Amino acid sequence: METMTAPLELQTVYQRPNALEDTYTNYCPGCTHGVAHRLLAEAIDELGLRDRTILVAPVGCAVFAYEYFDLDGCEAAHGRAPAMATGVKRALPDRIVVTYQGDGDLASIGAGEILHAAGRGEKISVVFVNNAIYGMTGGQMAPTSLPGQKTSSSPKGRDVAMTGNPMRMSELLAQMEGSAYVARRSLHDPANIRKAKKAILTALKVQEAGLGFSMVELLSSCPTNWKLTPSEALKWIETNMLPIYPLGDYKVADAVRDL
Amino acid sequence: MAHGMILIDQERCKGCSLCIEVCPQHVITINTSKLNAKSYHPAGLDDPGGKCTGCAICAVICPDACITVLREPPLRRGVGLSSPTVERML
Amino acid sequence: MARELLKGNVAIAEAALRAGVEAYFGYPITPQTELLEHLALRMPELGRVFLQAESEIAAINMVYGSACTGTRTMTSSSGPGISLMQEGMSYIAGSEVPAVIVDVMRGGPGLGNILPSQGDYFQVTRSAGHGDYHPIVLAPASVQEAIDFTMLAFDLAEKYRHLVIVAADGMIGQMMEPAELPPMRPLPTKRPDWALTGADERPKRVISSIYMSAEAAERFNLKVQARLKEIRRNEQRSTEYETDDARLLVVGYGSAGRIAHSAVVAAREKGLKVGLFRPQTLYPFPEASLSKIISRIQGCLVVEMNAGQMIEDVQLVAAGQVPVRFYGRMGGVVPVPEEVLAAIEQAYDSMSELSLAAPA
């Protein structure tokens, strides 16, 4: 492509968002963490929030998220991002505080912290990346793993009699009075990615308006640990995850509709 | 149909091929003759017929945010390529 | 300011308030709960942050988040809660953000009980979480010292960007005695240059405790060690009583030190040459002052409300120069001066036997 030159009459209609650092990420090829990052960055850019947003990164594949965003950021202990974000938000109530968490972080070790952050109506926004597996540690079973799903710690497939059924966090957190906006979207194709972006925009607007807790769950792929190609992994989301994790808005407080 | 083109950051691309799968004009290919610094074969626009419409679907699915999309402006013309990001991709 | 009758836990809370604590996150646990309750009332009155967390794990991570914004932040708890906070404490130390933690120690191990103890000495002085570091640990022996050390804790935390623990035992937390509170300090008007506030017209700031390469992690550790060395040089604190001509030195901190003081007074009345050394900082351990005294005495008796934890620090300083004996009660039993006096007399006798037996 080095030889190609852009005709001058062409206009840039899409480029990397400013809230993303101009840097290489450690994510595997085709991993939709990158898509989730880009959507969050685009939403922050579009709402003009970059200079007052503080990102709380999790433990998991997104452990270096603070390096990938051009935002003030900090790195929480595993599962504790909602508690850390609570500390940041309570200290600086006029800032936008975002946690970015995977399913091991949010649904397993940090289940207590996320539940209580929602319960308190903590005015933070959570981007919850659900890929039904522990990515960083090499593909172990998560509370979100599907029944029968083979992982390195459920080599014969998740046995629900032994380990329970997938935990549906959006449905659970939507029950909290403090939740103003809880939605599940998927990143498996461009149309759904666009819907996911809109949901993230809504979540940030909810926080800006001080309406309460907001979370967008994003069904995501993990090609490496699912042992699929990036393209097959997106199809796997559609075929296997969507029936267990239906997309939709699980909580939209009345005030959110007026935004 | 509007005319467009894309620029793929050859060093950031991890060759995941998702853009290739979603491109409605089938004008993106993996450049197997090239290896970037991270040892990936990057994707690139392969559009001798000028079929790219600048629809940006490739950029929407790109997990590495490494696609810049250009398109004929609908109203005014002559906006040049000024951002350093874009220049590096040329 | 006049002296007033104050309960230890309330005094610590009020002192923190006057030291300018801007945010408190905590979880109820006996015997520190009055501290949380006092701040639940007072912090909102002053427009400051008070939040009862869902657990000590959440509380310490809220402290971590708040401290990252350069906000003066604290929490308080007791043994079991402090155990739960270990992870967060380590992250705080690994991120170089200042924070103050009050541990009103109770009897353990396990659920133990709610009675006064000094069983957390190892936990608070040795590491307080994974990795190589020590928090600064202050040990008050009266309500007045609890007030003074709480004020000091914030100063030290911010000076060294380090974790400071006020290790009070349940007796200090629960007792009432006259003490004087300091005037209200003004709140900081400017945030430190490392604080997270949003990257508004400045490069972004990141606070984390990750150092992926071995070399970077070692560099960070060396920096922490250099800071701890500076803390050991500058911040050792202790008090002494009748040590000039003492042959036997009693060493105790907090309530045990205070009880030992009464026993030493009684021993002096009996004509025994006994002195008292009371560490006020448990980390850094006041080894410089103790070492000087040890060079001129014949024996040591360590008194603690545990199975013998600080005795290891005393033995390190004594380095075999003098015998170090121990008297302790556990499980929330508070020793009375008479039993400590008996231990002093026993130690004194055995010391005399030793010196008689020793060749001239």
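### As for the overall build of chain B
So, step 1. Across its full length, chain B carries three helices and four strands.
So, step 2. Taken from the N to the C terminus, the helices and strands of chain B come in the order β-α-β-β-α-β-α.
So, step 3. Counting over 90 residues, chain B shows a buried share of 52%.
So, step 4. Surface exposure of chain B reaches about 4,200 Å², of which carbon and sulfur atoms provide 53%.

### Re the overall build of chain A
So, step 1. Counting its regular elements, chain A contains eleven helices and eight strands.
So, step 2. Against the globule reference of 18 Å for 259 residues, chain A gives a C-alpha radius of gyration of 18 Å, in line with a compact fold.
So, step 3. Counting only C-alpha atoms and orienting by the principal axes, one finds that chain A spans roughly 60 × 50 × 30 Å.
So, step 4. Within the span of chain A, comprising 259 residues, buried residues form 61% of the whole.
So, step 5. The contacts in chain A between residues at least 6 apart in sequence include a share of 68% that link residues at least 24 apart.
So, step 6. Surface accessibility of chain A: about 9,100 Å² in total, with carbon and sulfur atoms responsible for 53%.
So, step 7. Distance between charge centres in chain A, computed from 25 positive and 28 negative side chains, equals 6 Å.

### Topic: the arrangement of the chains
So, step 1. Counting contacts across all two pairs of chains that touch, the top pair turns out to be chains A and B.
So, step 2. The least C-alpha distance between chain B and chain C, which are not in contact, is 19 Å.

### Brief notes about the pattern of salt bridges
So, step 1. The final tally for this structure, using the stated rule, is 35 salt bridges over all chains.
So, step 2. A salt bridge links C:Arg72 to C:Glu158; the shortest N-O distance between them is 2.6 Å. Linking C:Arg72 in the loop between α3 (56–68) and β4 (73–77) with C:Glu158 in helix α7 (residues 143–160), this pair joins segments that are 86 residues apart in sequence.
So, step 3. On the accessibility criterion, C:Arg72 (12% relative accessible area) is buried.
So, step 4. Judged by relative accessible area, C:Glu158 falls into the partly exposed class, the value being 34%.
So, step 5. With a shortest N-O distance of 2.9 Å, C:Asp155 and C:Arg185 are connected by a salt bridge. Residue C:Asp155 is located in helix α7, and its partner C:Arg185 is located in the loop between β8 (176–180) and β9 (206–207); the two are separated by 30 residues in the primary sequence.
So, step 6. Looking at C:Asp155, the relative accessible area reads 35%, which means it is partly exposed.
So, step 7. Salt bridges sharing common partners tie together A:Arg38, A:Glu42, A:Glu46 and A:Lys197.

### Considerations on the interface of chain A and chain C
So, step 1. Listed as interface residues are 36 residues of chain A and, on the opposing side, 31 residues of chain C.
So, step 2. Surface buried jointly by chain A and chain C totals about 2,500 Å² across both partners, of which 61% is contributed by carbon and sulfur atoms.
So, step 3. Contact with chain C buries area across many residues of chain A, yet A:Asp72, A:Met84 and A:Arg90 alone supply 21% of it, more than any other trio.
So, step 4. Run the count over chain A and chain C and you get four salt bridges.

### Focus: the packing of aromatic side chains
So, step 1. Tallied over the full model, the rule gives seven aromatic pairs over all chains.
So, step 2. Ring centres 4.3 Å apart and planes at 45 degrees place the aromatic pair A:Trp226 and A:Trp236 in the tilted group. Of this pair, A:Trp226 sits in helix α9 (residues 223–226) while A:Trp236 is found in helix α10 (residues 230–244), placing the two residues ten residues apart along the sequence.
So, step 3. Judged by its relative accessible area of 10%, A:Trp226 is buried.
So, step 4. Ring geometry for C:Tyr121 against C:Tyr253: centres 5.4 Å apart, planes inclined by 45 degrees, an arrangement best described as tilted. Placement of C:Tyr121 in helix α6 (residues 121–127) and of C:Tyr253 in the loop between β11 (248–251) and α10 (254–269) is noted, with a sequence separation of 132 residues between them.
So, step 5. Taking the relative accessible area as the measure of exposure, C:Tyr121 reaches 1% and is therefore buried.
So, step 6. With a relative accessible area of 1%, C:Tyr253 lands in the buried category.
So, step 7. Residue placement shows B:Lys14 over the ring face of A:Tyr24; its charged tip is 5.1 Å from the ring centre.
So, step 8. Positioned above the aromatic ring of C:Tyr348 is the side chain of C:Arg247, whose terminal nitrogen or guanidinium carbon lies 5.5 Å from the ring centre.

### Details of the environment of C:Val49
Residues and elements named next belong to chain C.
So, step 1. Here Val 49 lies in strand β3 (residues 49–52).
So, step 2. Overall, Val 49 belongs to the buried group, its relative accessible area being 15%.
So, step 3. A sequence separation of 28 residues divides Val 49 from Val 21, and the C-alpha atoms of the two residues are 9.0 Å apart.

### Some points on the side chain of C:Ser255
So, step 1. Tracing the chain through its elements places C:Ser255 in helix α10.
So, step 2. In contact with C:Ser255, not counting residues within four places along its chain, are C:Gln118, C:Asp169, C:Met171, C:Ile172 and C:Met305.

### Points about the packing of helix α3 (residues 81–91) of chain A against α3(C)
So, step 1. α3(C) packs onto α3(A) with a crossing angle of 45 degrees between their chain directions and a minimal axis gap of 6 Å. Taken together, α3(A) and α3(C) sit at an angle that is classed as oblique. In the crossing of α3(A) with α3(C), the sense of the turn from one axis to the other is right-handed. Seen from α3(A), the contacting residues are A:Ala83, A:Met84, A:Thr86, A:Gly87, A:Val88 and A:Ala91; seen from α3(C), they are C:Ala58, C:Asn61, C:Met62, C:Tyr64, C:Gly65, C:Ser66 and C:Cys68.

### Here's the deal with the sheet that holds strand β4 (residues 96–102) of chain A
So, step 1. Read across the sheet, eight strands follow the order β8(A)-β6(A)-β7(A)-β5(A)-β4(A)-β2(A)-β3(A)-β9(C) without closing on themselves; strand pairing throughout is mixed. Bordering the open sheet on either side are β8 (248–252) of chain A together with β9 of chain C, each of which pairs with just one other strand.
So, step 2. Across six bridges, strand β5 (residues 125–130) of chain A lies against strand β7 (residues 213–219) of chain A in parallel orientation. When the sheet's bridge partners are listed, A:Phe128 is paired in β7(A) with A:Glu217.
So, step 3. The strands that α3(A) touches are β2 (53–57), β3 (72–75) and β4 of chain A; relative to β4(A), the one it contacts most, it runs at about 175 degrees.

### Some remarks on the pairing of β4(A)
All names here are of chain A.
So, step 1. Counting buried residues in β4 gives seven out of seven residues, a clear majority hidden from the surface.
So, step 2. Side chains of β4 alternate between two faces, with Ile 96, Val 98, Tyr 100 and Gly 102 and Val 97, Thr 99 and Gln 101 buried alike.
So, step 3. Looking at chain direction, β2 and β4 are connected through four bridges and run parallel. Among the inter-strand pairings, Ile 54 is bridged to a residue of β4, identified as Val 97.

### A closer look at the confidence of the model for chain B
Residues and elements named next belong to chain B.
So, step 1. Chain-level statistics for chain B give a pLDDT mean of 86 and a share of 81% at 70 or above.
So, step 2. No element of chain B has a lower mean pLDDT than helix α3 (residues 84–89), at 45, and none a higher one than helix α2 (residues 57–61), at 98.
So, step 3. A low-confidence stretch, residues 76–90 stays under pLDDT 50, and its non-local contacts, those more than four residues away or across chains, total 33 contacts.

### Here we look at the packing of helix α1 (residues 8–19) of chain C against α7(C)
Residue and element names in this part refer to chain C.
So, step 1. It is the contact of α1 with α7, at a shortest axis distance of 8 Å, that shows an interaxial angle of 30 degrees. What the angle tells us is that α1 and α7 run roughly parallel. The hand of the α1/α7 crossing is right-handed. Contacts between α1 and α7 involve Gly 8, Ala 11, Ile 12, Ala 15, Ala 16, Arg 18 and Ala 19 from the former and Val 143, Ala 146, Ile 147, Thr 150, Met 151 and Phe 154 from the latter.
So, step 2. Residue classes in the contact of α1 with α7 are distributed as ten nonpolar, two polar and one charged.

Parameters and conventions
- Residues numbered from 1 in each chain as written.
- Chains lettered and ligands numbered in written order.
- Predicted model: local features only at pLDDT ≥ 70, side-chain atom pairs only at ≥ 80, totals over all residues.
- Heavy atoms only, no water.
- Helix = DSSP H or I, 4+ residues; strand = E, 2+ residues; numbered from the N terminus.
- Buried < 20%, exposed > 50% of the residue type's maximum accessible area, 1.4 Å probe, protein only.
- Areas by Shrake-Rupley, 256 points an atom, 1.4 Å probe, with all protein chains shown as cover.
- Rg over C-alpha atoms; globule rule 2.2 N^0.38 Å.
- Contact = heavy atoms within 4.5 Å.
- Lys, Arg positive; Asp, Glu negative; His and termini not counted.
- Charge placed at Lys NZ, Arg CZ, Asp CG, Glu CD.
- Salt bridge = Lys/Arg side-chain N within 4 Å of Asp/Glu carboxyl O.
- Buried area = accessible area lost by both parts, 1.4 Å probe.
- Phe/Tyr/Trp six-rings, centres within 6.5 Å; stacked < 30°, edge-to-face > 60°.
- Lys NZ or Arg CZ within 6 Å of the ring centre and 35° of its normal.
- Axes fitted to C-alpha atoms, helices over the stretch in contact; angles between N-to-C directions.
- Parallel < 35°, antiparallel > 145°, perpendicular 65-115°, else oblique.
- Left-handed = near helix turned anticlockwise from the far one by under 90°.
- Pairing = 2+ DSSP bridges.
- pLDDT = per-residue confidence, 0-100.
- Nonpolar A, V, L, I, M, F, W, Y, C, P; charged D, E, K, R; others polar.

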